[in-house]
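Descriptive analysis of the structure
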Amino acid sequence: MIIENRNSIEVTQQALSGNYALCILYELSQGSKRYSELLHSLHITTGTLAKQLNTLEQYGLIQKDNPSGKKTEYSLTDIASDLIPIMDTLKNWGDRYTLFYKFFQQMDDDFEEDE
């Protein structure tokens, strides 16, 4: 986790690297979650989730909470909470892109049928 001599974009990319980093952070932006809840909602392997949670914790983006001796929950740190509006924007873009992609995929399929 070397951030010296890097520009802000490189640091951001490094901190948010990993196939499921943004997905995990988005899930946690909805509230604290237990490991099993994250595993269920993300549909990933236990190894992948454990590795990604560990990385996000090392970067200070998530924290483990153990409220009154209950099972461990994961939540966003204050610095990661700053990402919530950005993740909401990315989600909205993804919703629009999904429609765009489906529309053009259908047009491509229709075009191929006409040939």
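Just so we're clear, the structure is a prediction, and the values are computed from it rather than from any experiment.

Let's shift gears to the pattern of salt bridges. In the structure shown here, the tally under the stated rule is one salt bridge. Here Asp95 ties to Lys91 by a salt bridge, and the two come within 3.0 Å at their closest N and O atoms. Here Asp95 and its partner Lys91 are both found in helix α6 (residues 84–114), four residues apart, which amounts to about one turn of the helix.

Strand pairing in a sheet is mediated by backbone hydrogen bonds. Such pairs are either parallel or antiparallel. Read from one edge to the other, the open sheet built from three strands follows the order β1-β3-β2, with strand pairing classed as antiparallel. The outermost strands of the open sheet, each flanked by one partner alone, are β1 (33–34) and β2 (62–65). Where β2 and strand β3 (residues 73–76) come together, four bridges link them in antiparallel fashion. Of the residues in β3, the one forming a bridge with Gln63 is Ser75. Here helix α2 (residues 21–29) sits on the sheet in contact with β1, β2 and β3, set at roughly 95 degrees to β3.

With that settled, consider α2. Those residues of α2 that fall on the buried side of the exposure criterion are Ala21, Ile24, Leu25, Glu27, Leu28 and Ser29. The positive-phi residue at the C-terminal boundary of α2 is Gly31, with phi of around 135 degrees.

A few words now on unusual backbone geometry. Look at His43: it is not a glycine, yet its phi comes out positive at around 55 degrees. By secondary structure assignment, the location of His43 is in the loop between α3 (35–42) and α4 (46–58).

Right, let's get into the environment of Ile24. Residue position: Ile24 is located in helix α2. In the structure, Ile24 is positioned 17 residues away from Ser41 in sequence and 9.4 Å away in space, judged by C-alpha atoms. When neighbours within four sequence positions are excluded, Ile24 is seen to be in contact with Leu42, Leu49, Gln52, Leu53 and Leu56.

Conventions used here
- Per chain, residue numbering runs from 1 following the sequence as it is written.
- With pLDDT at 70 or above as the cut-off, local features in this predicted model cover only qualifying residues; side-chain atom pairs require 80 or more to be listed or tallied, and sums for whole chains, interfaces and linings still use all residues.
- As a rule here, side-chain values come from all non-hydrogen atoms in the structure, and water together with hydrogens is ignored.
- Definition used for salt bridges: Asp or Glu carboxyl oxygen within 4 Å of a side-chain nitrogen of Lys or Arg.
- Secondary structure elements follow DSSP: runs of H or I no shorter than four residues count as helices, runs of E no shorter than two count as strands, and numbering proceeds from the N terminus.
- Think of it this way: DSSP has to see at least two bridges between two strands before they count as a pair.
- Here, residues are in contact when the closest pair of their heavy atoms is within 4.5 Å.
- All axes are obtained by fitting lines to C-alpha atoms, using only the stretch in contact for helices, and the reported angles, taken between N-to-C directions, cover 0 to 180 degrees.
- Here the term buried applies to any residue with accessible area under 20% of the maximum for its type, exposed to any over 50%, and partly exposed to those in between, with areas from a 1.4 Å probe on protein chains only.

Keep in mind these numbers describe shape, not what the thing actually does.
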